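Structural characterization, general
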Amino acid sequence: MWETGAFEPRIAGDWLFGRGAADMKAGAAANLHALDALRRLGLQPAGTVYIQSVVEEESTGNGALMTHLRGYKADAVLIPEPEDEMLVRANTGVVWFQVEVAGLPAHVREMATGTNAIDATYRIIQSLRQLEEAWNARKDEHAFFDETPHPINLNIGKIEGGDWASSVPCWCRIDCRIAIYPGTDASVAAAEIRDHVAAFARHDPYLSNNPPTVTFNGFRAEGYVLDPGSAAEAVLAEAHEAAVGAPLKSFTTPGYLDTRVYALYDRVPALCYGPVSRNIHGFDECVSLSSVQRITGAMALFIAEWCGTETIA
Ligand SMILES: [Zn+2]
């Protein structure tokens, strides 16, 4: 579905195409080249800079969590995720879960005697959509979410079920992702999901006798808010203005970010700021090369101001 191969990098004008071009190989390159830029001026940071390259930002956050558990500490963190040259003010946490329904197999000629697990799952999905809307209705209770139209997205990312067109399906499983507001404990949200599915099942003619199972199988992560006014943000704003020529804007993103590890567990200013991109996670993902250069420049200036510099001996 890509114009050219997902793993065959291609440059067209200002855009570099390829899987991960923006999310997040551009940022990984910027991390290194911000330091290289200082070195080319004969300078190095006067404070320790840790370059961290981690796994599983897309599924658990365990890579970033491991850096915390291993005891790496700093006074601020900067993650150049593709954020269109803006700073993330707040994000949502994410909970992954699976719902599995067991049905009763039967030949389709006796369809009434069997119970279609796919149909039953479909009913559960509709009920989960109601939970999704109930959570979205709470958005004005959360700082920095008033301008985000639909921060809580329930994604039914995967569905499997049934074995044969002429057999009533006796099993169905869905893999789901839902967002949670910063300040919401992921375990509390998980319990609410479990209770919601159980309550729906109790009123369903079939599911009441065959309750579905809910399993939490991946992300279980809280969101964070970057409180305005931190020294780190002020330094980044100055660096951004110098490198880009415009004031730094901030926004709320309804998605997961590893910055949460540093904001919630290291309790340091966690800055998520990176290049302009298109179609991350989609077809023909690409990143603006001029934007990568701008944010790398801003990052070099940020490091120089935050850590100070010294001349390379
Ligand atoms: Zn991603």
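Since we're looking at a predicted model, the values are computed, not measured.

Looking now at the nonpolar core. Counting residues in hydrophobic clusters, the biggest one holds 38 residues, and the most contacted among them are Leu87, Tyr224, Leu236, Tyr262, Leu271, Tyr273 and Phe302. Those elements that provide at least two residues to this core are helix 1 (21–39), helix 2 (62–69), strand 4 (77–79), strand 5 (87–91), helix 5 (231–244), helix 6 (259–266), strand 12 (270–272) and helix 7 (289–307). The dominant element in this core, judged by the number of residues it contributes, is helix 7, at 7 residues. Both domains that meet at this core, namely domain 1 (10–90 + 225–311) and domain 2 (93–221), each give it at least three residues. Look past the residues within four positions of Tyr224 in its chain and what remains in contact with it is Val88, Arg89, Ala90, Asn91, Pro182, Leu257, Thr259, Arg260, Ala263, Leu264, Ala270 and Cys272. Counting residues in hydrophobic clusters, the runner-up holds 32 residues, among them Ala120, Ile125, Cys176 and Tyr206.

Moving on, we come to the sheet that holds strand 13 (residues 277–278). Taken in spatial order, the 4 strands of this open sheet run 1-2-14-13, and their pairing is antiparallel. In this open sheet, the two strands that pair with only one neighbour each are strand 1 (10–12) and strand 13. Judged from the 3 bridges that link them, strand 1 and strand 2 (residues 15–17) form a sheet pairing that is antiparallel. Bridge pairing links Ala12 to Trp15 in strand 2. In the packing of helix 1 onto the sheet, contacts are made with strand 2, strand 13 and strand 14 (286–288), and the angle to strand 14 comes to roughly 45 degrees. Along the sheet, helix 7 makes contact with strand 1, strand 2 and strand 14, crossing strand 14 at roughly 55 degrees.

Turning next to the coordination of the zinc ion. For the zinc ion, the protein coordination sphere consists of Asp23 (OD), Glu58 (OE) and His281 (NE2), at 1.9 to 2.2 Å. Written as a sequence motif, the donor arrangement for the zinc ion is D-x34-E-x222-H. Taken together, the residues span a long stretch of sequence, with Asp23 in helix 1 and Glu58 in the loop between strand 3 (43–45) and helix 2 at a distance of 35 residues. With relative accessibility at 16%, the residue Asp23 sits in the buried group.

It is worth spelling out the domain arrangement of the protein chain at this point. Here the domain parsing of the protein chain yields domain 1 (10–90 + 225–311) and domain 2 (93–221). The C-alpha-based centres of domain 1 and domain 2 are spaced at 35 Å. Between domain 1 and domain 2, the buried area comes to about 1000 Å², and carbon and sulfur atoms account for 73% of it. If you sort the residues of domain 1 by the area they bury against domain 2, Thr252, Pro254 and Tyr256 come out on top, with a joint share of 43%. Here domain 1 and domain 2 share 3 residue pairs in polar contact (both at pLDDT 80 or more) between them. Classifying every residue of the side of domain 1 that touches domain 2 by side-chain character gives 5 nonpolar, 5 polar and 4 charged.

Turning to its location among the elements, Thr213 is positioned in strand 9 (residues 213–215). Taking the C-alpha atoms as reference points, Thr213 and Gly13, separated by 200 residues in sequence, lie 50 Å from one another. Aside from chain neighbours lying at most four places away, what touches Thr213 is Gln98, Val99 and Glu100.

Turning our attention to the pattern of salt bridges. A pair can form between side chains of opposite charge whenever their charged atoms are brought close. Evaluation of the coordinates by the stated rule reveals 11 salt bridges. Note that Glu85 and Arg294 form a salt bridge whose closest N and O atoms lie 2.9 Å from each other. Of the two residues, Glu85 is situated in the loop between strand 4 and strand 5 and Arg294 in helix 7; the sequence distance between them amounts to 209 residues. Overall, Glu85 belongs to the buried group, its relative accessible area being 10%. In this structure, the salt-bridge partner of Arg173 is Glu100, at a minimum N-O distance of 3.2 Å. Placement of Arg173 in strand 8 (residues 171–180) and of Glu100 in strand 6 (residues 93–102) is noted, with a sequence separation of 73 residues between them.

Rules and cut-offs
Residues numbered from 1 in each chain as written. Predicted model: local features only at pLDDT ≥ 70, side-chain atom pairs only at ≥ 80, totals over all residues. Heavy atoms only, no water. Core = buried A, V, L, I, M, F, W, Y, C linked by side-chain atoms within 4.5 Å. Buried < 20%, exposed > 50% of the residue type's maximum accessible area, 1.4 Å probe, protein only. Helix = DSSP H or I, 4+ residues; strand = E, 2+ residues; numbered from the N terminus. Domains from an automatic or database assignment. Contact = heavy atoms within 4.5 Å. Pairing = 2+ DSSP bridges. Axes fitted to C-alpha atoms, helices over the stretch in contact; angles between N-to-C directions. Donors = N, O, S within 2.8 Å, 3.2 Å for Na, K, Ca; no water. Buried area = accessible area lost by both parts, 1.4 Å probe. Polar contact = N/O pair within 3.5 Å; in protein donor to acceptor, adjacent residues only side chain to side chain. Nonpolar A, V, L, I, M, F, W, Y, C, P; charged D, E, K, R; others polar. Salt bridge = Lys/Arg side-chain N within 4 Å of Asp/Glu carboxyl O.

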